[in-house]
Amino acid sequence: ADKVSHWRGAGVAIPVFSLRSKKGFGIGEFADIPLMVDWAERTGMCIIQLLPVNDTTMTRTWTDSYPYNANSTFALHPAYINLDAVGKLSDKEKMKEFHALQKELNALPQIDYERVTKAKWDYLRLIFAEKGAKTLASSAFKAFFNDNSYWLRPYAAFCYFRDMFGTPDFNRWKDVTYSPELVDSLDGNTDVAFHYFIQYHLHIQLKKAVDYAHAHGITLKGDIPIGISRTSVDAWVYPHLFHMNGQAGAPPDAFATDGQNWGFPTYNWEEMAKDNYQWFRNRFQKMSDYFDAYRIDHLLGFFRIWEIP
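Residue positions are given per chain, counting from 1 as you read along its sequence in written order. Only residues with pLDDT of at least 70 are given local features in this predicted model, and only at 80 or more are side-chain atom pairs given and counted; all residues enter the totals for whole chains, interfaces and linings. Excluding hydrogens and water, the side-chain values take into account all heavy atoms of the structure.

Engineer: Describe the pattern of salt bridges, listing the residues and the values that go with them.
Structural biologist: Any Lys or Arg side-chain nitrogen found within 4 Å of a carboxyl oxygen on Asp or Glu counts as a salt bridge. Scanning the entire structure with this criterion turns up 16 salt bridges. Look at the salt bridges and you will find they share partners, linking Arg60, Arg162 and Asp163 into a network.

So, in structure tokens, the structure goes:
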């Protein structure tokens, strides 16, 4: 029989937001991952595990900084975009202002999450107005769009309504109910296309970092939270796949005498089985664009989970 190879390797786990560099904008970015790769290579590490990288934009406040409450299990977080790589503004004065702000935010001992994310949003709006149409007409963007439209179009629609109504809670969106026709009706809407533009650039930037890691023999490991937010695009589009009237948690133990309520809906496995778990398969497939291995945060939840009404 062939000898089984018992591979061993050392690695490090880190949130992307901690990878701060002078090239960043007050926060760690996908473009900073190569610096971590260089460090891992020098220290003999061979795996970098990243905390979840999905978009958590809900309220546009510091509470969004928690990486385990995503608004989409597919979309990447706009906070991790490198603005210079997206493009320079033609307005020289505006560029000066943003560079001054970048310097100020980079000098802070801690991340000012709200100012960082607002500054990036403002910049992206301006650069989209200048370069958006050209980017969206490019063959590279069209290829990305075709591969990802199954999640990208509902996600962009969700973001559009979240910002219109000022809440990610779709139960409070007046006269708006999810349907494929609703998403179709937003085709050609510039505010919706803005989210395509951001996700395309995030994809390019993370892919570039992944290629760099591989070229240096470093494996990237992703982190996939088992739970989804009840105010996420996943819950909006696929409520039948979840027990929306239940919530996951943990029974009382030595860590929490009252038990824990995580708040996210539990899975309706019977419903998921009907299409051979397609949503889950899509989710793993998408994350395999970037990661060689996964940590599944809370693996046991596939087999048993504590549910609170």
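Engineer: Go over the packing of helix α4 (residues 113-137) against helix α7 (residues 190-215) with me, naming the residues and quoting the values.
Structural biologist: Note on definitions: angles span 0 to 180 degrees between N-to-C directions of axes, and those axes are lines fitted to C-alpha atoms, for helices only across the stretch in contact. By definition, any uninterrupted DSSP run of H or I lasting at least four residues is a helix, any uninterrupted run of E lasting at least two residues is a strand, and each is numbered from the N terminus. At a minimum axis distance of 9 Å, the contact between α4 and α7 shows a crossing angle of 90 degrees. Considered as vectors, α4 and α7 are oriented roughly perpendicular to each other. Touching Trp121, Leu124, Arg125, Ile127, Phe128, Lys131, Gly132, Thr135 and Leu136 of α4 are Thr190, Asp191, Ala193, Phe194, His195, Tyr196, Phe197, Ile198, Tyr200 and His201, all from α7. Classifying every residue of the contact of α4 with α7 gives 11 nonpolar, 5 polar and 3 charged. For this classification, under 35 degrees means roughly parallel, over 145 means roughly antiparallel, 65 to 115 means roughly perpendicular, and everything else is oblique. Every residue pair with non-hydrogen atoms within 4.5 Å of one another is taken to be in contact. Ten residue types, Ala, Val, Leu, Ile, Met, Phe, Trp, Tyr, Cys and Pro, are classed as nonpolar, four, Asp, Glu, Lys and Arg, as charged, and the remainder, Gly among them, as polar.

Engineer: I'd love a proper account of the nonpolar core, names of residues and values included.
Structural biologist: We define the nonpolar core as a collection of buried residues of types Ala, Val, Leu, Ile, Met, Phe, Trp, Tyr and Cys that are connected through side-chain atoms lying within 4.5 Å of one another. The rule is simple: take the accessible area with a 1.4 Å probe, protein chains only, and divide by the maximum for that residue type; under 20% is buried, over 50% is exposed, in between is partly exposed. In terms of nonpolar packing, the biggest core is built from 83 residues, with Phe30, Ile48, Trp236 and Trp279 touching the most fellow members. Every residue in contact with Phe30, bar those within four places of it in the chain, is listed here: Val16, Val53, Leu76, Tyr80, Leu202, Gln205, Leu206 and Ala209.

Engineer: Run through the side chain of Thr231, naming residues and quoting values.
Structural biologist: Within the secondary structure, Thr231 sits in the loop between β3 (219-225) and α8 (233-237). The class for Thr231 is buried, based on a relative accessible area of 18%. With near-sequence residues (within four places) excluded, Thr231 lies in contact with Met58, Phe158, Pro168, Asp169 and Phe170.

Engineer: Help me get a handle on helix α5 (residues 139-165), residues and values and all.
Structural biologist: In a regular helix each residue adds 1.5 Å, so 27 residues correspond to 39 Å; α5 covers only 34 Å between its end C-alpha atoms and thus falls short of that length. For a residue, the bend is simply the angle between two axes, fitted respectively to the seven-residue segment ending there and the seven-residue segment starting there. By the largest-angle criterion, Ser149 marks the main kink of α5, which is about 90 degrees. Just past α5, the residue Gly166 takes up positive phi, approximately 70 degrees. Multiplying one less than the number of residues by 1.5 Å gives the expected span of a helix.

Engineer: Account for the packing of aromatic side chains, naming residues and giving values.
Structural biologist: The rule is short: rings of Phe, Tyr and Trp, with Trp giving its six-membered ring, pair when the centres are within 6.5 Å, and they are stacked under 30 degrees, edge-to-face over 60, tilted in between. Under the definition given, this model contains 38 aromatic pairs. Here Phe170 and Trp173 contribute two aromatic rings whose centre-to-centre distance is 6.3 Å and whose plane-to-plane angle is 70 degrees, an arrangement assigned as edge-to-face. Across the pair, exposure class does not vary: Phe170 and Trp173 are buried alike. Both rings, one in Trp269 and one in Tyr277, keep their centres 6.3 Å apart while their planes meet at 55 degrees; by these two values the pair is tilted.

Engineer: An account of the pairing of strand β1 (residues 11-14) is needed here, citing residue identities and associated values.
Structural biologist: Two strands pair under a simple rule: DSSP has to find at least two bridges between them. Judged from the 4 bridges that link them, β1 and strand β2 (residues 47-50) form a sheet pairing that is parallel. By the bridge assignment, Ile14 is partnered in β2 with Leu50.

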